Amino acid sequence: MDILAQVLDRVRLGGSLLFHFELGHPWHLELPERRYALFHYVSEGSATLALEHGQEIQMSEGDFVVITRGEPHAFYSDRRAKPLRIMDIDRPSPRLGVVRHGGRAKPLSTMICGNFTVSRPLFGSVLELLPPVLLLKPTADAGWLEAILRRMVSEAAFERPGQRVALSRLTEVLFVEVLRSWIASLSPGEGGWLGAISDPHIGPALRLIHENPERPWTLSDLGQRVGLGRSVFSARFTKLVGQSMHRYVIERRMAEAGFLLETSDEPIARIASRVGYETAAAFSKLFHRHHGLSPGRYRAARRSDSGADAQEAAVAD
């Protein structure tokens, strides 16, 4: 099983391009807090990224950054310039038009901005595992990044049949490539389960858990299957994943149960059995403790507002 593919397939990942900026010095952009991740690509020139807590990052041509928690931030060539607040921009058309801002002096910069959304928060841990600010620098094989973004820009430039679907698919590809690049840069013990996927022992253990979350997994059983003793496996799993194997199995079961409750009409007792619990009562008690709702109320709540967050994020403020 490809764990990352399974999780991304279930989170209902979405997103879109929001702005294509052409910027002449001096310029200054301010972006308010959002409930979704924002990404920015400096396709030409340079920019300074300023975060709310005071951190500044110098970005140059080819840099790609994701503000994974949607915190307020700003970009500028001169901080003293009067800021253009993104919420003040009038975008009456869904087409991605060019927004020109700043003076006429060089250096000139261009920047593409968009968002990533996850409409099943149960699986939002993919974004939560990423650092608050994820900066990717150009690499020898980074041509894919510009190619995807350029295709997104051309797709958004004119209204055509299937445009929303095309942009959504391109956004998914972009997000997967960003994750791949980030995972490749991790050191052992970083990135939680995303980073642990590539470990020769813990990666196979994670796949076994994801393939069969209902099994009564033990440290000895999984350790033996991946070629490690019980204590060594336990320590390695906790170090790389960031939580014990027992806790990870419970979270995996609760995630699977939440997915089944939202996407199927199976009885709660059947779902309980599918995720490893002999009685619906035992399952319901743990599910309520984990999610704050009973399985029945969770199903009703998720079906009533399913997709609302993604639709909201697709509207540029």
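Fair warning: this is a prediction, and the values are worked out from it, not measured in the lab. (Residues numbered from 1 in each chain as written. Predicted model: local features only at pLDDT ≥ 70, side-chain atom pairs only at ≥ 80, totals over all residues. Heavy atoms only, no water.)

A.B. asks: I would appreciate a short explanation of the overall build of the protein in the present structure.
C.D. replies: Across its full length, the protein holds 13 helices and 11 strands. Going through the 317 residues of the protein one by one, you find that 50% of them count as buried. As displayed, the protein offers around 15,500 Å² of accessible surface, 51% of which is attributable to carbon and sulfur atoms. (Helix = DSSP H or I, 4+ residues; strand = E, 2+ residues; numbered from the N terminus. Buried < 20%, exposed > 50% of the residue type's maximum accessible area, 1.4 Å probe, protein only. Areas by Shrake-Rupley, 256 points an atom, 1.4 Å probe, with all protein chains shown as cover.)

A.B. asks: Any chance you could explain the sheet that holds strand β7 (residues 73-76) here in plain terms?
C.D. replies: Strand pairing in a sheet relies on backbone hydrogen bonds, with the paired strands running either antiparallel or parallel. The five strands lie next to each other as β5-β4-β7-β2-β8, forming an open sheet whose pairing is mixed. For this open sheet the edge positions go to β5 (56-60) and β8 (84-85), each flanked by a neighbour on one side alone. Both strand β2 (residues 28-31) and β8 contribute to a ladder of two bridges, which runs parallel. Looking at β8, one finds that Glu 30 is bridged to Arg 85. (Pairing = 2+ DSSP bridges.)

A.B. asks: Whenever I open this one, the confidence of the model for the protein confuses me. Can you help?
C.D. replies: Averaged over every residue, the pLDDT of the protein is 86; residues scoring 70 or more account for 90%. No element of the protein has a lower mean pLDDT than helix α13 (residues 308-313), at 45, and none a higher one than helix α7 (residues 219-225), at 97. Taken as a whole, residues 309-317 scores under 50 in pLDDT and shows 17 contacts with residues more than four places along the chain or in a different chain. (pLDDT = per-residue confidence, 0-100. Contact = heavy atoms within 4.5 Å.)

A.B. asks: Could you clarify how one ought to interpret the pairing of strand β4 (residues 46-51) in this entry?
C.D. replies: Within a regular strand, the side chains alternate between the two sheet faces. When you tally the buried positions in β4, you get five out of six residues, the bulk of the element. When β4 meets β5, the two strands line up antiparallel, connected through five bridges. The residue bridging Leu 49 from the neighbouring strand is Ile 57, located in β5. The hairpin turn running from β4 into β5, its antiparallel successor, is four residues long, and Gly 54 in that turn takes a positive phi close to 105 degrees.

A.B. asks: Please explain the sheet that holds strand β1 (residues 13-25) as it appears in this structure.
C.D. replies: Taken in spatial order, the six strands make up an open sheet running β9-β1-β10-β3-β6-β11, and their pairing is mixed. The open sheet has two free edges, formed respectively by β9 (98-102) and β11 (133-136), since each of these has just one partner strand. Between one strand axis and the next, the sheet turns by 20 degrees as a mean value, whatever way the strands run. When strand β6 (residues 64-67) meets β11, the two strands line up antiparallel, connected through four bridges. Bridging from a neighbouring strand, Val 66 pairs with Leu 134 of β11. Relative to strand β3 (residues 37-44), helix α3 (residues 143-157) is tilted by about 100 degrees, and along the sheet it contacts β1, β3, β6 and β10 (105-118). (Axes fitted to C-alpha atoms, helices over the stretch in contact; angles between N-to-C directions.)

A.B. asks: Would you explain helix α4 (residues 163-184) in this entry?
C.D. replies: Helical periodicity: at 3.6 residues per turn, an α-helix aligns residues three or four positions apart in one direction. The end-to-end C-alpha distance of α4, which contains 22 residues, comes to 32 Å, matching closely the 32 Å that a straight helix rising 1.5 Å per residue would cover. Those residues of α4 that fall on the buried side of the exposure criterion are Gln 163, Leu 167, Ser 168, Leu 170, Thr 171, Leu 174, Phe 175, Glu 177, Val 178, Leu 179, Trp 182 and Ile 183. (Expected span 1.5 Å × (residues − 1).)

A.B. asks: Any chance you could explain the packing of helix α6 (residues 202-211) against helix α8 (residues 230-241) here in plain terms?
C.D. replies: Each pair of packed helices gets described by two things: the angle between the helix axes and the distance between those axes. Contact pair α6 / α8: the axes reach a minimum separation of 10 Å and the direction vectors enclose 85 degrees. Taken as axis vectors, α6 and α8 run roughly perpendicular relative to one another. From α6, Ile 202, Ala 205, Leu 206 and Ile 209 reach across to α8, where they touch Phe 233, Arg 236, Phe 237, Leu 240 and Val 241. Its residues assigned to classes, the contact of α6 with α8 shows eight nonpolar, no polar and one charged. (Parallel < 35°, antiparallel > 145°, perpendicular 65-115°, else oblique. Nonpolar A, V, L, I, M, F, W, Y, C, P; charged D, E, K, R; others polar.)

A.B. asks: So what exactly am I meant to see when it comes to the packing of aromatic side chains here?
C.D. replies: Each aromatic ring pair is specified by the distance between its two centres and by the angle formed by the two planes. For the structure on display, the rule yields 10 aromatic pairs. Measuring from ring centre to ring centre gives 6.5 Å for Tyr 41 and Phe 64, while their planes differ by 45 degrees; the resulting arrangement is tilted. In this pair, Tyr 41 is assigned in strand β3 and Phe 64 in strand β6, connecting sequence segments 23 residues apart. Considered together, Tyr 41 and Phe 64 belong to a single accessibility category, that of buried residues. A network of ring pairs unites the aromatic residues Phe 39, Tyr 41, Phe 64, Phe 116 and Phe 175 as a single cluster. In this structure, Arg 215 packs its charged tip against the face of Trp 217, placed 4.7 Å from the ring centre. Above the ring of Tyr 277, the side-chain terminus of Arg 253 is found at 5.1 Å from the ring centroid. (Phe/Tyr/Trp six-rings, centres within 6.5 Å; stacked < 30°, edge-to-face > 60°. Lys NZ or Arg CZ within 6 Å of the ring centre and 35° of its normal.)

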